[in-house]
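# Topology and contacts: notes
Residue-level listing of the chains:
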Amino acid sequence: MMPNRQRGISLTQFTNAYVPFALLIVLALLLPETTPNLDRYRTIFTIWATTVLLIPALCLYPFSDGSDAVHNYWHLLWTFSYLAFLFHFYWAVFVIFKGVQGTFVGQGPLIATINFVLTAWWGTDIALSWFVASCPTWVRWERAGAHLFVFLIFSVTTLVLRPTPVTRVLGLGLTIAVAASFAIWLIVRDSAPAAAELPEAK
Amino acid sequence: MGISVTRARGLLRIFQIILVTAVSLLLALAIALPMLERSWVTAEEHLAPKDAFFRGSIGTELIPLPVLQVLPDLFPEDFGAGDTWIDRFGFLRSSDPDGLPVGFTVSHHRPQSGAPSPVPFVGFSCVLCHSTRIRDTGNQAEQIVPGPGNSSLNLFAWIDSLQKAMMDERLTVKTISDTYVKKPGRQPLTVSQRAMIGLWLRGFRKTLSEGLPKFDEPFGGDLSLTPECVPTGPDRTQPFRTIVRRVLDRPGTEMSVYTKVATVYQEQLREWSQFDGSIRDLNARSALAAFAAGATADNLAIPEIAGNVRQASEYTRTLRGPTYEQIFPERSLDAEKVRRGKVIYTGAGLDASVGVSGKHVKLTCDACHGHPENGVWIAGELQGVVIPWEQIKTDPERVTYRYYERIPDRLAVFFPANHPFEFKRGDLRPGPAGTTRGYINAPIDSAFSRTPYLHNASVLTLAELINLKPRRAVVYRGRNSYDPVDVGLSSPDGPDAVHYFRLDTSLRGNSNKGHDYPWPYGSPKWNRGQLEDLLEYLKTL
């Protein structure tokens, strides 16, 4: 899947990815003004925004080796979902838990470590995707691992660890959409050689 | 004539650039807002214990200051004209430059969340409820006695009137703003202040509207001052109403649990607090009081507010009440009567089995309440014991209401783990530390200033409490003056403008029966002379 190709991102592609990201973050930062706890709900709403952006990013990932358009949309959504996640990360770590040490105390060593690894790995992959032109095998494996890790963390968190009605819907949407996308990719991939053998349409 | 593809693409491109720019500006504003919000709250202030008690925010922010200041102009039928609302509801006047009564504290924390606000919000500090004016000598601001419940404060009536006004559609951001700016020396409200007031008003109204099916409509006007509509009355609270509503999500309207605002002298003398001895930890009892007055688990976790609650608690740990002679220096005590009275205090009483353990003791005043010695309070033999209500025979509603046993379990898990005021289950009763439904024997230092008496404030004077005089079945409450002879609050025989609240002790939750010590009125052992001596001694505590 998907070598690191720096393909020309069109204004339309950028707009289609950026505007939803920006509007979701605006909502995630402003809507808490109507809630009983500003910081807590900013933390919650930013992770919801991240999940919403992550669904198309993860769904597009298996196909990102295809057309330039699909690749660019994956690249932009993967990046913007991470930027959204950074808003959540800031509020969770520095506002709610008052720093890295407080995060370990508040979340416990296991959860906190997983969250910091997630943030670092995802960020590293974003950097590689933008700044490393070639895509050696180790990057392919790294990227596949990053996507799998992010998917597992988000699906487990939304469906098991924090199953509020909204997160459950988001988690189900994420899991079903990504599973369907992967299944389609498998089908398409398996049928691709056969299709290649078909006689050219007259 | 159609549009060319090239031109359409050009227009689309322009639209996309405008859209991205506009959304980027919006995003920048949304990101700037949290930074701006942090500038609305001044640097965290660490108040000394007394300052925290008198003016520290304890998370009870309720209403924007500009809104509070225009309420009498917009709703004179509920609040009276000008600043008469202060007297109407029994608040204590102060020298505050904003004209706020004692205990109204201003902060830039929003209600409930404690989030920063561009407009100042008014909340309550501890001194609002826990201070009173015993003697009116003309200089009102200088006569505040911290510690006892405010004998004139009808807080529930004020809240009822406030809710009525908030439900009134005439109250809008525009009417608030227009009325506010007409006041002398007031600057127009800023855009952010108006926005915050609008946000608050919408939220307040939504909460009230959603509660109407459960709690019914507020009364407002003069009805809020009548016992038929708002039966709490002056110097009393319904401590469990808010807790039942917020912790159990039940209406809590059928409970006749009317409780005197507690006196908070020398809390260090009391291992277990509240009239029924249901809370142990001093900070926890303060946090629960703040919670019952509107604070939340969220804002009680804010360091500044949590610090104020702790510091205010420290103030009450050693706070001493005044002596009778300090307040009434012209009324010298009869030393011989005091001496004889002390003998009654320490020696007169019925032999009885007391408490759940059935301990057989002589029920003297001293055994239950202790006495002072060289400036130190010496605990009585039974001090701290919870006496079953069936034995003491005072009004049982406080300890027999429907949810009495469920509240501690829910409170113990209501505040999240690691919260500054996380309640330990062992510090709440009924529970592992005891299940007796009754009233705790507590110290009575500065007894004369603790008026009115019994947990439901149904007895106005010490003369009635010790059965020197028969207890009045009906008294009239409001801004009652102090009666230094019978030692307590005076009451006229009928209502008037000042004594508007008819406290009928035959009604549920208002009983003035029980605690017939040292003897029931008119019983064979009853002795007027000895009781007069006892009353004289009680003035010295």
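Residues numbered from 1 in each chain as written. Chains lettered and ligands numbered in written order. Predicted model: local features only at pLDDT ≥ 70, side-chain atom pairs only at ≥ 80, totals over all residues.

## A look at helix H10 (residues 239–248) of chain B
Residues and elements named next belong to chain B. Just so we agree on the cut-off: Labels follow a simple rule on C-beta atoms placed from the backbone: if 20 or more others lie within 10 Å of a residue's own, it is buried; if 12 or fewer, it is exposed; otherwise it is partly exposed. Think of it this way: any DSSP run of H or I at least four residues long counts as a helix, any run of E at least two long counts as a strand, and we number them from the N terminus. By construction, the arc corresponds to the directions joining the helix axis to the C-beta atoms. Contact between two residues is assigned whenever their backbone-derived C-beta positions fall within 7 Å.
If you check which residues of H10 are buried, you get Pro239, Phe240, Val244 and Val247. On an axial view of H10, the arc spanned by its buried residues comes to 100 degrees, and they lie on one face. Turning to H10, the residues buried within the fold contact strand E6 (236–237), strand E7 (259–260), helix H11 (282–292) and helix H18 (406–414).

## Here's the deal with helix H9 (residues 191–215) of chain B
Residues and elements named next belong to chain B. The test is simple: Expected helix span is computed as 1.5 Å times (number of residues minus one).
Taking 1.5 Å as the rise per residue, H9 with 25 residues should run 36 Å; its terminal C-alpha atoms sit 34 Å apart, in good agreement. Where H9 is concerned, the buried positions are Gln193, Met196, Ile197 and Trp200. Those residues of H9 that are buried are in contact with strand E1 (63–64), helix H3 (65–74), strand E3 (116–124) and helix H8 (173–182). Immediately beyond the C-terminal end of H9, within one or two residues, lies Asp216, with a positive phi of roughly 70 degrees.

## Here's the deal with the confidence of the model for chain B
As a reminder, the rule being used: One confidence number per residue, pLDDT, is output by the predictor and ranges from 0 to 100.
Looking at chain B, pLDDT values average 93 and 97% of them are 70 or higher. Interface predicted TM-score (ipTM) for the complex: 0.90; the corresponding pTM is 0.87.

## With respect to the packing of helix H4 (residues 100–107) of chain A against helix H5 (residues 109–131) of chain A
Residues and elements named next belong to chain A. Basically, it comes down to this: The axes are straight lines fitted to the C-alpha atoms, using for helices just the contacting stretch, and the angles between their N-to-C directions are given from 0 to 180°. Oblique is the label for any angle not covered by the other classes, which are roughly parallel (under 35 degrees), roughly antiparallel (over 145) and roughly perpendicular (65 to 115). For a crossing to be left-handed, the near helix must be turned anticlockwise from the far one by less than a right angle; the clockwise case is right-handed. Charged means Asp, Glu, Lys or Arg here, nonpolar means Ala, Val, Leu, Ile, Met, Phe, Trp, Tyr, Cys or Pro, and polar covers whatever is left, Gly included.
Between H4 and H5, the shortest axis-to-axis distance is 6 Å and the interhelical angle comes to 130 degrees. Between H4 and H5, the interaxial angle falls into the category oblique. As H4 runs across H5, the sense of the crossing is right-handed. Along its contact with H4, which presents Thr103, Phe104 and Gln107, the element H5 presents Pro109, Ile111, Ala112 and Asn115. Its residues placed into classes, the contact of H4 with H5 shows four nonpolar, three polar and no charged.

## Considering the interface of chain B and chain A
Listed as interface residues are 19 residues of chain B and, on the opposing side, 16 residues of chain A. Elements with a minimum of two residues in the side of chain B that touches chain A: helix H1 (5–40) and H9 of chain B. Class assignment for the residues of the side of chain B that touches chain A results in eleven nonpolar, six polar and two charged.

## Overview of unusual backbone geometry
Residue and element names in this part refer to chain B. Each neighbour pair has its own omega, and for Arg429 with Pro430 the value is 5 degrees, a cis peptide bond. Position of Pro430 among the secondary structure elements: in the loop between H18 and strand E13 (438–440). Here the amide bond leading from Tyr517 into Pro518 is cis, since omega sits at 0 degrees, within 30 degrees of zero. Structurally, Pro518 can be placed in the loop between strand E17 (501–504) and helix H20 (528–538). A positive phi angle, close to 65 degrees, is found at Lys393, a residue other than glycine. With 14 C-beta atoms counted inside 10 Å, the residue Lys393 sits in the partly exposed group. Located in the positive-phi region is Ala457, a residue other than glycine, with phi close to 60 degrees. As for its position among the elements, Ala457 is in the loop between E13 and helix H19 (462–465). Classification of Ala457 by C-beta neighbours within 10 Å gives buried; the count is 26.

## Comments concerning the domain arrangement of chain B
Test applied: Segment limits for the domains were obtained from an automatic or database-derived domain assignment.
On domain assignment, one finds that chain B holds domain 1 (1–40), domain 2 (49–318) and domain 3 (334–396 + 437–538). Each of domain 1 of chain B and domain 3 of chain B has a C-alpha centre, and the two are 74 Å apart.

## Digging into the nonpolar core
Burial of nonpolar side chains together is a common tendency in soluble globular proteins. Where we set the bar: Nonpolar core, as used here: buried Ala, Val, Leu, Ile, Met, Phe, Trp, Tyr and Cys residues forming one set through C-beta atoms within 7 Å.
Grouped together as the largest cluster of nonpolar side chains are 125 residues, with contacts concentrated most on Ala290, Leu462, Leu535 and Leu538 of chain B. Looking at this core element by element, the count peaks at seven residues for helix H7 (residues 155–167) of chain B. Here Leu538 of chain B is in contact with Ala447, Phe448, Leu462 and Val487 of chain B, once residues within four sequence places are set aside. Counting 45 residues, the second-largest nonpolar core is a separate cluster that includes Tyr18, Leu24, Leu53 and Phe154 of chain A.

## Brief notes about the sheet that holds strand E2 (residues 104–109) of chain B
Residues and elements named next belong to chain B. Quick note on the threshold: Here a strand pair is declared whenever DSSP counts at least two bridges between the two strands.
Taken together, the three strands give an open sheet; going across it, the order is E1-E3-E2, and neighbouring strands pair in antiparallel fashion. Bordering the open sheet on either side are E1 and E2, each of which pairs with just one other strand. Of the pairings in the sheet, the one linking E2 to E3 comprises five bridges and is antiparallel in character. The residue of E3 that forms the bridge with His109 is Pro116. Contacting E1 and E3, H9 runs over the sheet at an angle of about 50 degrees to E3.

## Observations concerning the environment of Ser24 of chain B
All names here are of chain B. Checked against the element boundaries, Ser24 lands in helix H1. Given 13 C-beta atoms within 10 Å, Ser24 falls into the partly exposed group. Along the primary structure Ser24 and Pro66 are separated by 42 residues, whereas in three dimensions their C-alpha atoms are 34 Å apart.

## Points about the packing of helix H2 (residues 38–60) of chain A against helix H6 (residues 137–161) of chain A
For any two helices packed against each other, one specifies the crossing angle of their axes together with the interaxial distance. Residue and element names in this part refer to chain A. At a minimum axis separation of 12 Å, H2 and H6 run at an interaxial angle of 140 degrees. On the basis of their axis angle, the class for H2 and H6 is oblique. Remark: the crossing between H2 and H6 carries left-handed chirality. Each of Thr51, Leu54 and Leu58 in H2 lies in contact with H6, whose residues at this interface are His147, Val150, Phe151, Phe154 and Thr158. For the contact of H2 with H6, the residue count by class is five nonpolar, three polar and no charged.

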